[in-house]
Amino acid sequence: MTAAAAHIARTVVGIIGNIISGFLFLSPVPTFYGIWKKGSVEQFSPAPYLATLVNCMVWTLYGLPMVNPDNILVLTINGSGSVVEIVYVTLFIIYSNRNKRLKVLLWLIVELLFIGALAFVTLILVHSAKKRSAIVGTTCIVFNIMMYAAPLAVMKLVIVTKSVEYMPLSISLASFGNGVAWTTYALIQFDAFITVPNGIGTLFSVVQLILYATYYKSTKMQIAERKANKTEVDLSQVVVGNGDQKSKTNH
């Protein structure tokens, strides 16, 4: 493959990666719509959104021309992703109980301080693009793996409860597509800092999909059982209510 052909292929795959990553960032929208309607985050964990936020901010720094030239597609999608994730984290802060709200807020402050410090060191104190790329790229590997590994807590919940109710399929599918796209992007014009975390992320996503397939039926059964129990409770309340009315009428 010629250099020109490789550049075109990389750009095309990068655009596809942007689209898939966009779906990944927007896939929790139904989840947060449900949280907004119920006014509570219930058992949903903020960890995946906090991890994704810091991951996006680090990759935005990596995509800057003065850090790593010719990676504008990395910059655009991660800059957009940072904005989306801040919205999600804000909703978590609003609809969590006081204990969880303080924890989420504390983590958000820590992440913003960390990114500020990394940007200062990289852009002000380091003057070589190669060194900047190495520093930020290494940090990207750590946080990208954390983003993909964050759902491990949710995966543990799935195994314990035998239910995938709190692990949306849309997010798992988007994570898988995202990992495959960006691994391919990095292999065309080899970039170890993008290849390593996204290759590992693809494996994490495959595990999530296997869990979903394993516990899909038991989840349906649990939901149906809850609905049946709720119907029985509602009916018993109606019967009790009618009985009370009859008693009052007899008096």
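Heads up: these notes are all about the structure in this document. Predicted model only: the values in this text are computed from it and were never measured.

### Remarks on the side chain of Glu 111
Then step 1. Looking at the secondary structure, you find Glu 111 in helix H5 (residues 98–125).
Then step 2. Of the side chains with opposite charge, Lys 103 comes closest to the buried, unpaired Glu 111, at an N-O distance of 15 Å.

### Notes on the packing of aromatic side chains
Then step 1. Tallied over the entire structure, the rule returns 11 aromatic pairs.
Then step 2. Aromatic side chains Tyr 49 and Tyr 88 sit 5.9 Å apart centroid to centroid with 70° between the ring planes, which places their arrangement in the edge-to-face category. One end of the pair, Tyr 49, is in helix H3 (residues 47–63); the other, Tyr 88, is in helix H4 (residues 72–95), with 39 residues separating them in the sequence. The same class applies to Tyr 49 and to Tyr 88, which are both buried.

### Description of helix H1 (residues 3–26)
Then step 1. A rise of 1.5 Å per residue sets the reference length of H1, with its 24 residues, at 34 Å; its end C-alpha atoms lie 34 Å apart and thus fit the reference within 8%.
Then step 2. Of all the positions in H1, only Ala 6, Arg 10, Val 13, Gly 14, Gly 17, Asn 18, Ser 21, Gly 22, Leu 24 and Phe 25 are classed as buried.
Then step 3. Contacts made by the buried residues of H1 are with H3, H4 and helix H8 (169–188).

### Concerning H5
Then step 1. Between its terminal C-alpha atoms H5 stretches 40 Å, which fits the 40 Å expected from 28 residues at 1.5 Å a residue.
Then step 2. The set of residues buried in H5 consists of Val 104, Leu 108, Glu 111, Ile 115, Leu 118 and Thr 122.

Criteria and cut-off values
- Residues numbered from 1 in each chain as written.
- Predicted model: local features only at pLDDT ≥ 70, side-chain atom pairs only at ≥ 80, totals over all residues.
- Heavy atoms only, no water.
- Helix = DSSP H or I, 4+ residues; strand = E, 2+ residues; numbered from the N terminus.
- Buried < 20%, exposed > 50% of the residue type's maximum accessible area, 1.4 Å probe, protein only.
- Lys, Arg positive; Asp, Glu negative; His and termini not counted.
- Salt bridge = Lys/Arg side-chain N within 4 Å of Asp/Glu carboxyl O.
- Phe/Tyr/Trp six-rings, centres within 6.5 Å; stacked < 30°, edge-to-face > 60°.
- Expected span 1.5 Å × (residues − 1).
- Contact = heavy atoms within 4.5 Å.

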